[in-house]
Structure formats: structure tokens, C-alpha cells
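# Breakdown of the fold
Spelled out from the first residue to the last, the chains are:
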Amino acid sequence: MISSIEFELFAPYNNAAFLLISSSDWQEMPMQKGEDGYFRTQVDLEDGYYQYKFRIQTKSWHLEPDQWVEVNDPYVTEIDLKTQNGIVRVKEGQLIIDTYVWQYDDRPLPQNEELIIYEMHVSDFSGGEADEDPRGNFRHVVEKLDYLCELGINAIELMPITEYPGTYRWGYLVRHYFAPESNYGPPEDLKRLIDECHARGIRVFMDGIYNHSDEGCPLFSIDRDYWYYHGPHYPDDPGNYWGPEFNYEHHDANLDVKPAWKYIGDVVRFWIQEYHIDGIRYDALRQLNHYDFLRWLTEEAKRAAGDKPFYNIAEYIPEIPGITCCAKGPMDACWHESFRIFAIEHVIGDRFNLEKLKEALDARRQGFGGATHVINYLASHDREHTLTELGDRSIFGEAALKRATLGVILLMTALGIPMLWMGEEFGEHNRKTQTTTEPNKIDWTLLGNDFNRELFDRYRWLIRLRQENNALKTDNIEFFHEYCENRVLAYVRWDDGGNQVVVIANFSDQDFPGYLVPHFPSAGVWYNWLENREIESGEDSIMLDLPGNSAKVLVKR
């Protein structure tokens, strides 16, 4: 079957463009420019697979005036791993991305307040097994989904999966915004991963990089100043310049279009509609800093998502409530970096500051509105693992296990949505790489050690508490006992149905046998969650043993 297929390229102020395609042995095919700013041409193609790119006279000032350059389509949906050319597929006379058929679109997915998020880098998530297989693509993530289910994860946050330069990166320099990273596999492999996640009740979030791009992004060579700022958006902040920054202030009055708005809006709608993603973590919003655009973009995202739950999460560090909807900001939530700072300081014993600790556990004290407005974490791709921090202070063995358990107790019982950085749950302690181009596989063989398996089981058990007890999904938290001299803090979470979870934490090195906790929330029989036994409280107090650097988690039955 031969069909006429149209190719188009939006370049409103460029003088001339050609299509180059493998079907014509890469001969130049002239494109005609319309008044709407698009170059177009028709090509007769049989059903099949083709590579293509464009040749265009640049308007970018960093190149020679009107120099001819070869670029991929800014809207290309797949890149050939070897040639780095764009890929186009034709079936039954239509352009297609793949032939994947979704299987599990009807499965219910957790609401935002129910989430336990797992942040992962696709390549580094697998390949650290005992064998020599490097692994590290979408198919290998699918193989470990049942492990994530056993742990209790119901959302994964994928570090950037859009096409980046080279064979390995963290992915924060995006080259092709509509194409999955070719080293991770073809589009149908990513769709199968997302579909298999949905089959298990796991939502999938992607990392969106809309502040800047790689200099190899086609837009940069087509007409640099049409989509980007002429120079750095904040020239007085060179430490946070990672590449050409999109100019969300530029409005093309001739065509009545905001070029950067249109392009990134198309990106977000595409990933939601084509790949069925369930949320976006927006990178570097302090640098992007354009609330009108972000408000429009998040509204577009939710409109594209339709009736299914969708989560717009900001990386805005240091965090501010104003970025979230609780303060009429554009985002549903933001990464709660101060939780990480204050919680880790207390877990590793660097200091004890009761007010800062309370701020970590109750983000409303910082101005946030409630539980779904902050994402709490102890470690992330930008921050070291808890065991790395402990090892730096020569804390190992049982002492490290106690403190790591204390950390996850805080994480799972604090106000907010908990997030784990991959490997944190079983005691990964490799220091993060110093550059974003060095592989750093997590060491799965650690799960064969008693220490690491015990830590995994404690994570799993506390995640189960988080899943099962609605008290931990509410905005309710009260600090009912504090003793600064002994470094003891106790708080309670509850819901309207009578569920209560109490945490009594000892941040000192000293054991307190027979510790009397006054002002206890209610009398009766409580279940000691991690020790699997019952304990009874009096009318206004409870007495229990409180070892150093540990916490008790009590659940009202």
C-alpha cells in the first residue's frame, strides 16, 4: 500500500527547508512554506519504517547567517539508536508511533493522598545483580514490578526518559522531547511498562524538564531566539545554568503564538495522551519561575488526563508554599527538601532542634495546606542515601539499622506523601556519582544479607501501615509530648473513623527503660506495630521502654 504522507516543520522566520528521507536515498526534497509558518511536503510511502531529518537555513545567531544545518524533527517520536536520525512508521496509510494495544486502562489507580512513590533511574535500577548482564532498560523494570508490589509501592517516578545525548545520562539535558530514550527501548516497551504498572495499581510519573534543553535540541539550531532567551535567564546565577532556557515571555504577534508555551504544551499533552502517564515532576522551577505559564501548563495536563487522577509536582528548592495550590500556586505539590534536611540531621545525630523537627513532620507549620502538598523523602537522586550519611559518621551495624528504621518511621508517619529513592529500602549505600554521565547501578545482591533484608522488611511493614491506616492519609497531626533535655518527641495521627497512630521517638543515644509518656491520646489496648505485640495505656499516660535512636509506633485497635 502506497500513501501520500505529509511532513511539516514549524520555522516561521527561516528562509528555506528540505526533507531528507531514507526512502529517497536521502535526496533533498523541497518543502513549501505557508503563511502559518510551517514548511510542508508530501511523500508517497509504502507501509514500513523510515528514517528522516530536515535541512534548513538557520536563524540561530550562534551559527553563520543562513547557514544550512541538518536537524531532526522537533516533534520526532523515536530516534534510531545507531544513526541518531528520526524514525517514522507508516501502517495502512497512516503515520503511527507503534502498534501497542493497551490492556489495563480500566484498572483503578490510587488517589494522590494514598501514594507511596519510588523514584528510579531506568538504567541504574537493574544491572546490579550478581550476574554480569548490564541490563537497564524498560523491559528490565517490568521484571521488577512484582518486587515493588511486595514492598508496597503504588507510584513510580521515572527520572528523565526523553531522548538525551550519549549512551548514559541522568537525562536532565533533553534533546528530543517527544521521543523515549532509545537506550531504554522502543516506544512499545515504555507503553508496556506503564500498562503493566497500571495492571498492578501503580501510577507512573515522569520527570519533565521544561526550564532548559540540550544544545543539540533541534529548536536551538533552527531559530535560537524564537524559543529561547538570548542568554541565561538569570545571568547573575551561573551555577544554576544547565543549557539554553526556554523563553516563556516571548509572544509572536504576527502569528499570535507564544512559541515556548505551544511547544511544551504539546509535549505535556502528548505524553499524557500517547503514554498514559499519571503525573509529572517539574524540574528546576525556581529557575523557570513563570507562574502564569505553569498555571496554564498544569491546567492543560489535567484537561488531557480527563477523569483519571493526575499529580503535578514541583521541584522548587528551597521549597516555598507559594508554588503549590494551597497558596494559589500552579502546582499540586512540591518536593519537601526541608523534611530531608531536618529528618536526616536528627536521625544521624548532628543536632536536635525541636521546632525544625516539627516543621519537617508537619509542613503546615511552614505554610503548606495539607498532606498532598508536599513530597517527603530521606534520599533522592540529588541526595545521598541514609546509610551513606550514617557511614560518613562511622555508624554501622545494629546502630545504623536502628537509625535507618527511625528515619523511615518519620517518613511514613509525617504529614505528606512519602517518596523513596531506589535502593534506600534495602540499605543501598553507594555514594551518588559526581557527574550525571557515570552509571551507578544499585546493588541488588545486598538483599542477600540479613541486615539489608531486615531493613527491607521494616520498610515493607511500615509502608503497609501507611497503606492500611487512614489516619496517615489525613491532615491531622498533634505533638502531645516533648522533652528537649532527653530529646524525646511524641505525636499522634488520626482520622474521623477512630483510627489513631502514635509515634514516640527518642533522638538521644541514651536508653530510657520504663519511660512515662504523659498526655497520651486515649486509654486502651494499642498494637506495637514493629514489635508485633500489644501494650495497654492508662487514662492519660503510657509507660514503655524507649531505646536510644529509635521510635515506637503504636496503633489503636
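Our subject is the structure that appears above.
The residue numbers shown here count from 1 along each chain, following its written sequence. Totals for whole chains, interfaces and linings use every residue, but because this is a predicted model, local features are given only for residues with pLDDT of at least 70 and side-chain atom pairs only at 80 or more, for both listing and counting. Only hydrogens and water are set aside when side-chain values are computed; all heavy atoms of the structure are taken into account.

## Considerations on the sheet that holds strand E4 (residues 32-33)
An order of E1-E5-E4 is seen for the three strands of this open sheet, with the pairing classed as antiparallel. The sheet is open, and its two borders are formed by strand E1 (2-10) and E4, each paired with just one other strand. Strand direction decides the pairing type here: E1 and strand E5 (residues 38-46), joined by nine bridges, are antiparallel. Directly across from Ser-4, in E5, lies its bridge partner Asp-44. One bridge is not enough; two strands pair if DSSP finds at least two bridges between them. Numbering of helices and strands runs from the N terminus; a helix is a DSSP stretch of H or I covering at least four residues, while a strand is a stretch of E covering at least two.

## Digging into helix H10 (residues 337-348)
Structural remark: α-helix, 3.6 residues per turn; residues separated by three or four positions point the same way. A helix's residues, less one, multiplied by 1.5 Å, set its expected span. With twelve residues, H10 should cover 16 Å at 1.5 Å per step; its first-to-last C-alpha distance of 17 Å lies within 8% of that length. The buried label goes to any residue with under 20% of its type's maximum accessible area, the exposed label to any with over 50%, and the partly exposed label to all in between, with areas taken from a 1.4 Å probe on protein chains only. Within H10, ten of the twelve residues are buried, leaving the element largely enclosed by the surrounding structure. Any pair of residues with heavy atoms lying within 4.5 Å of one another is described as a contacting pair. Against the buried residues of H10 lie strand E17 (333-335), helix H11 (354-361), strand E18 (374-377), helix H12 (386-392) and helix H13 (397-413). One or two positions beyond H10, positive phi appears at Gly-349, with a value near 85 degrees.

## Looking at the sheet that holds strand E14 (residues 203-208)
Spatial ordering of the closed barrel is given by E10-E11-E14-E15-E16-E17-E18-E19, a layout of eight strands whose pairing is parallel. Sheet twist, expressed as the mean angle between neighbouring strand axes with direction ignored, is 30 degrees. Direction of pairing for E17 relative to E18: parallel, over a ladder of two bridges. Residue pairing for E18: Cys-334 is matched across the bridge by Val-374. Helix axes are fitted to C-alpha atoms over the stretch in contact, other axes to C-alpha atoms as well, and angles between N-to-C directions run from 0 to 180 degrees.

## Considering the packing of aromatic side chains
Each aromatic ring pair is summarised here by two numbers: the centre-to-centre distance and the angle between the ring planes. Each Phe, Tyr or Trp ring (for Trp, its six-membered ring) is paired with any other whose centre lies within 6.5 Å, and the angle between the two planes then decides the class: stacked below 30 degrees, edge-to-face above 60, tilted in between. Across all of its chains, the model carries 42 aromatic pairs by this definition. On the numbers, 6.1 Å between centres and 35 degrees between planes, the contact of Phe-293 with Trp-296 is tilted. Placement of the pair is Phe-293 and Trp-296 together in helix H9 (residues 291-305), with a separation of three residues, close to one helical turn. Ring geometry for Phe-352 versus Phe-507: centroids 6.1 Å apart, planes at 40 degrees, classification tilted. Remark: Phe-507 occurs in the loop between strand E22 (500-506) and strand E23 (512-518) and Phe-352 occurs in the loop between H10 and H11; sequence separation between them is 155 residues. Grouping residues by exposure puts Phe-352 and Phe-507 together as buried.

## Focus on the pairing of strand E20 (residues 478-483)
On any regular strand, side chains alternate: one points to one face of the sheet, the next to the other face. Taken together, the five bridges between E20 and strand E21 (residues 488-494) define a ladder with antiparallel strand orientation. Across the sheet, the residue bridging to Tyr-483 is Val-488, located in E21. Between E20 and E21, which pair antiparallel one after the other, the connecting turn spans four residues, and Arg-487 there sits at a positive phi close to 60 degrees.

## Some remarks on the side chain of Asn-154
Considering the arrangement of structural elements, one finds Asn-154 in the loop between helix H3 (145-151) and strand E11 (155-158). We define a polar contact as two N or O atoms separated by no more than 3.5 Å, with the added condition that, inside protein, one atom must be a possible hydrogen donor and the other a possible acceptor, whereas residues neighbouring each other in sequence contribute only through side-chain atom pairs. In this structure the side chain of Asn-154 is engaged in a polar contact, spanning 2.7 Å, whose partner is the backbone nitrogen of Ile-116. The residues touching Asn-154, leaving out its near neighbours within four places in the chain, are Pro-110, Glu-114, Leu-115, Ile-116, Gly-201, Ile-202 and Arg-203.

## Re unusual backbone geometry
Geometrically, the link from Ile-317 to Pro-318 is a cis peptide bond, its omega value of -5 degrees lying close to zero. A positive phi angle, close to 65 degrees, is found at Gln-84, a residue other than glycine. Classification of Gln-84 as partly exposed rests on a relative accessible area of 32%. With phi around 55 degrees, Asn-532 is a residue other than glycine that occupies positive phi space. Relative to the helices and strands, Asn-532 resides in the loop between strand E24 (524-528) and strand E25 (533-537).

## Some thoughts on the environment of Asp-223
Within the secondary structure, Asp-223 sits in the loop between helix H5 (218-222) and helix H6 (224-227). Here the alpha-carbon distance between Asp-223 and Asp-332, two residues 109 residues apart in the chain, equals 34 Å. If we ignore the near neighbours within four places in the chain, the residues touching Asp-223 are Tyr-13, Asn-14, Lys-59 and Ser-60.

## Let's talk about the side chain of Lys-556
Its place among the elements puts Lys-556 in strand E27 (residues 550-556). Within the structure, the side chain of Lys-556 is placed 3.2 Å from the side chain of Ser-522, a separation counted as a polar contact. At a separation of 3.3 Å, a polar atom in the side chain of Lys-556 contacts the main-chain carbonyl oxygen of Ala-523. Those residues in contact with Lys-556 that sit more than four places away from it in its chain are Gln-500, Ser-522, Ala-523, Gly-524, Val-525 and Trp-526.

## Observations concerning the packing of helix H4 (residues 187-199) against helix H7 (residues 259-275)
Put simply, H4 and H7 touch, their axes get as near as 10 Å, and they point 70 degrees apart. Comparing their axes, H7 and H4 come out roughly perpendicular. Where H4 abuts H7, its residues Pro-187, Leu-190, Lys-191 and Ile-194 lie against Trp-271, Glu-274 and Tyr-275. Class assignment for the residues of the contact of H4 with H7 results in five nonpolar, no polar and two charged. Angular relationships are summarised with four words: roughly parallel below 35 degrees, roughly antiparallel beyond 145, roughly perpendicular across 65 to 115, and oblique for the angles in between. Under the scheme applied, nonpolar residues are Ala, Val, Leu, Ile, Met, Phe, Trp, Tyr, Cys and Pro; charged residues are Asp, Glu, Lys and Arg; polar residues are all the others, including Gly.

## Description of the packing of H10 against H13
The N-to-C vectors of H10 and H13 enclose an angle of 150 degrees; their axes lie 9 Å apart at closest approach. In this structure, H10 crosses over H13, and the sense of that crossing is right-handed. Contact residues: H10 offers Phe-339, Ala-343, Val-347 and Ile-348, while H13 offers Arg-403, Leu-406, Gly-407, Leu-410 and Leu-411. When its residues are assigned to classes, the contact of H10 with H13 shows seven nonpolar, one polar and one charged. Note on convention: near helix rotated counterclockwise from far helix by under a right angle means a left-handed crossing. Clockwise means right-handed.

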